[in-house]
Amino acid sequence: MEEKVLIIDFGSQYTQLIARRIRELFIYCEIHPYNNLKVDLNSFKAVILSGSPFSVRSKDALHFDLTKIKGIKPLLGVCYGAQYIAHFNGGKVIPSNKREYGRANLSKIDNSDPLFNGIQSGTQVWMSHSDTIEDLPSGAKCIASTNDVINAAYSINNELVYGIQFHPEVYHTSKGKKILENFLINISNINPNWTPDSFSSITISKIKKTVGKEKVILGISGGVDSTVAAVLLNKAIGKNLHCIFVNNGLLRKNEFQNVLNQYKGMGLNVKGVDASKYFIDLLFNITDPEEKRKVIGSAFIDVFDKEAKLISGAKWLAQGTIYPDVIESISVKGPSATIKSHHNVGGLPDFMKLSVIDPLKMLFKDEVRRVGASLKIDQNLLKRHPFPGPGLAIRILGKITNEKIKIFSYNIIYEVLDFVKQKMSGLLSPDIQETVIGTAQILEIFKVSGAGKVAGSKVMDGEITTASDVRIIRDGAIIYTGKVGTLFREKNQVKQVSNGQECGITVKDYMDFQKNDTIEAFSVTSTDRMI
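Please read these numbers as outputs of a predicted model, since none were measured by experiment.

A. Here's a closer look at the side chain of Asn 182. With respect to the helices and strands, Asn 182 occurs in helix α3 (residues 176-187). By relative accessible area, Asn 182 is classed as buried at 0%. Here Asn 186 takes part through its side chain, which lies 2.9 Å from a polar atom of the side chain of Asn 182. Residues within four places of Asn 182 in sequence aside, it is in contact with Pro 114, Leu 115, Phe 116, Asn 117, Ile 119 and Ile 187.

B. How the structure looks around unusual backbone geometry. In this structure, Cys 79 takes a positive phi of about 55° despite not being glycine. Inspection of the secondary structure puts Cys 79 in the loop between β4 (75-78) and α2 (80-87). Not every positive phi belongs to a glycine, and Asn 254 is a case in point at roughly 65°. Residue class for Asn 254 comes out partly exposed when judged on its relative accessible area of 47%.

C. Seen up close, the packing of helix α4 (residues 196-211) against helix α10 (residues 365-374). Their axes nearest at 9 Å, the elements α4 and α10 cross at an angle of 80°. In terms of orientation, α4 lies roughly perpendicular with respect to α10. Taking contact as the criterion, the partners of Pro 196, Asp 197, Phe 199 and Ser 200 in α4 are, on α10, Arg 370, Val 371 and Ser 374. Among the residues making up the contact of α4 with α10, the classes are represented as three nonpolar, two polar and two charged.

D. Region of interest: the side chain of Thr 203. By secondary structure assignment, the location of Thr 203 is in helix α4. With residues near it in sequence (within four places) discarded, Thr 203 still touches Leu 232 and Pro 359.

E. The arrangement of the packing of helix α5 (residues 224-237) against α10 in detail. For the pair α5 and α10, the least separation of the axes is 10 Å and the interaxial angle reads 45°. Compared by their axis directions, α5 and α10 come out oblique. Seen along the crossing, α5 lies across α10 with a hand that is left-handed. Of the residues in α10, those in contact with Val 224, Asp 225 and Val 228 of α5 are Lys 365, Val 368, Arg 369, Val 371 and Gly 372.

F. How the structure looks around α3. Here α3 spans 15 Å end to end across 12 residues, near enough to the 16 Å set by a 1.5 Å rise per residue. Taken together, the buried positions of α3 are Gly 176, Ile 179, Leu 180, Asn 182, Phe 183, Leu 184 and Ile 187. Looking at the buried residues of α3, the elements they touch are β1 (4-9), α1 (15-24), β3 (44-49), β4 and β9 (161-164). Asn 189 occupies a position one or two residues after α3 and carries a positive phi of about 55°.

G. Up close: the pattern of salt bridges. Counted according to the given criterion, the structure contains 17 salt bridges. Salt-bridge contacts for Glu 24 lead to Lys 177; the nearest nitrogen and oxygen are separated by 3.6 Å. Of this pair, Glu 24 sits in helix α1 while Lys 177 sits in helix α3, and the two are 153 residues apart along the sequence. Two residues, Glu 134 and Lys 92, come together in a salt bridge whose shortest N-O distance is 3.6 Å. Here Lys 92 lies in strand β5 (residues 92-109) and Glu 134 lies in strand β6 (residues 124-135), a separation of 42 residues in the sequence. Classification of Lys 92 as partly exposed rests on a relative accessible area of 39%. Shared partners join several salt bridges into a network, and the residues in it are Arg 20, Asp 366 and Arg 370.

H. Region of the structure containing the packing of aromatic side chains. The full count for this structure, using the stated rule, is 13 aromatic pairs. An aromatic cluster is present here, built from Phe 10, Tyr 34, Tyr 80, Tyr 84 and Phe 88 joined pairwise through their rings. The ring of Phe 44 is capped by Lys 4, whose NZ or CZ atom sits 4.5 Å from the centre of that ring. Seen from the ring of Phe 364, Arg 20 lies directly overhead, with NZ or CZ sitting 5.0 Å from the centre.

I. The sheet that holds strand β14 (residues 355-357), seen in detail. With parallel pairing, the five strands of this open sheet are ordered in space as β12-β11-β10-β13-β14. Among the strands making up the open sheet, the edge pair consists of β12 (270-274) and β14. The mean angle between the axes of side-by-side strands here comes to 30°, regardless of whether they run parallel or antiparallel. Across five bridges, the pairing between strand β11 (residues 241-247) and β12 is parallel. Within the sheet, the bridge partner assigned to Ile 244 lies in β12 and is Lys 271. Contacting β10 (215-219), β11 and β13 (314-318), α5 crosses the sheet at an angle of about 165° to β10.

Rules behind the numbers
Residues numbered from 1 in each chain as written. Predicted model: local features only at pLDDT ≥ 70, side-chain atom pairs only at ≥ 80, totals over all residues. Heavy atoms only, no water. Helix = DSSP H or I, 4+ residues; strand = E, 2+ residues; numbered from the N terminus. Buried < 20%, exposed > 50% of the residue type's maximum accessible area, 1.4 Å probe, protein only. Polar contact = N/O pair within 3.5 Å; in protein donor to acceptor, adjacent residues only side chain to side chain. Contact = heavy atoms within 4.5 Å. Axes fitted to C-alpha atoms, helices over the stretch in contact; angles between N-to-C directions. Parallel < 35°, antiparallel > 145°, perpendicular 65-115°, else oblique. Nonpolar A, V, L, I, M, F, W, Y, C, P; charged D, E, K, R; others polar. Left-handed = near helix turned anticlockwise from the far one by under 90°. Expected span 1.5 Å × (residues − 1). Salt bridge = Lys/Arg side-chain N within 4 Å of Asp/Glu carboxyl O. Phe/Tyr/Trp six-rings, centres within 6.5 Å; stacked < 30°, edge-to-face > 60°. Lys NZ or Arg CZ within 6 Å of the ring centre and 35° of its normal. Pairing = 2+ DSSP bridges.

Now the structure itself:
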């Protein structure tokens, strides 16, 4: 059983970052709003209070009863959290002479305190508050200061209670992750054992216990979330999992068949349902994007309800809901209230007699990918570019017609990147098949055979000019984006290439190419750039 951390959210824009940093330490944590805390506090080993856009001095201050936490469990207050602990426990918070926002440096640190173990004087931190702590809470001592903030951090004697008036979770606090590590591992004695493998093992066991021998329906899209959910469910219940991929007629070119092909050999029970005419007919004459979303969401439910009735004994609907979907759908008072509603959060219509299971609902996207990698899922599936359910309907302005769908199914520039990944993976000089994305064309792809040199590859008809766009890809990451004219040594070495001719081009030494770098060149018209 993993040891958990509770993050109580007071509406800070950085709250999810706190969770991300904690998860990076292989420690499991959950975010819950201060005004909707429906959890067992005894199940958490430590608690963190987030920041907030509100002031503890205001009549609108956000209040939370700490009597079951303070002095009982390790507690860390961040910004508003630190000021809240101080202000309502014998301390005093006052308005700052000026808003304290931006970089600062710790000018004084008590290194005898375990919170700052390994943290040096001068360490950069990030401030974001308009109040400051003038008097510390009862029994507290200052353990860090900046030139402008005397009580930048404090601890309360004989209690594992800490307050910091800076944000350890943001990139600009250079040792923020170390401070969180000190609090969670060294002070709270939490064992960092929450890994992709442990998550998979626990989740598979929970699915078996929850579902038993009942049948589950899962809507898949070819994306990373639904794919990882499918593999976890398949390992738990096998053939009792029924995967359905619905073609709503609003997908990228050839995507319906490509997605079905991707799942071959994975041992999944997958059925493709072509409901494109049904969706497109429902969207006739609808121009408002939000209305399109609602129509598509309703149509998906209708299709799944129909398919569920064809599967005898189906009791569950599985979803690829992930943690940001859940967090962003919960209202917290203040500017970071509900960020947006999500189609897969909030349950099903009453007429669908299915219970919902969300195996990924506590994971962030990058964690889903890591779990997928631990399950040995193909990297092409894990890194596939997302294409949300409403698809082309939102990208097409105004009325949706078959002609527009045909044009826009080609006109998604992300297909260029998918094409590059597929063609260049492990290949030196691939034969490039003509790929047209609207008016964007792949003109050339090179593979670096040695530092400073490019090995030619066969190309389709076309011309690489100094105005052509290029990307340099190294180990799957784009490390350079720009024009050919700024990449190659001499203009006259960038020539007309056609009829599958081979070519060799010398590149600028300062680019510091490495063996197996990929150079991708393509031209994009101004029309494509606007899409």
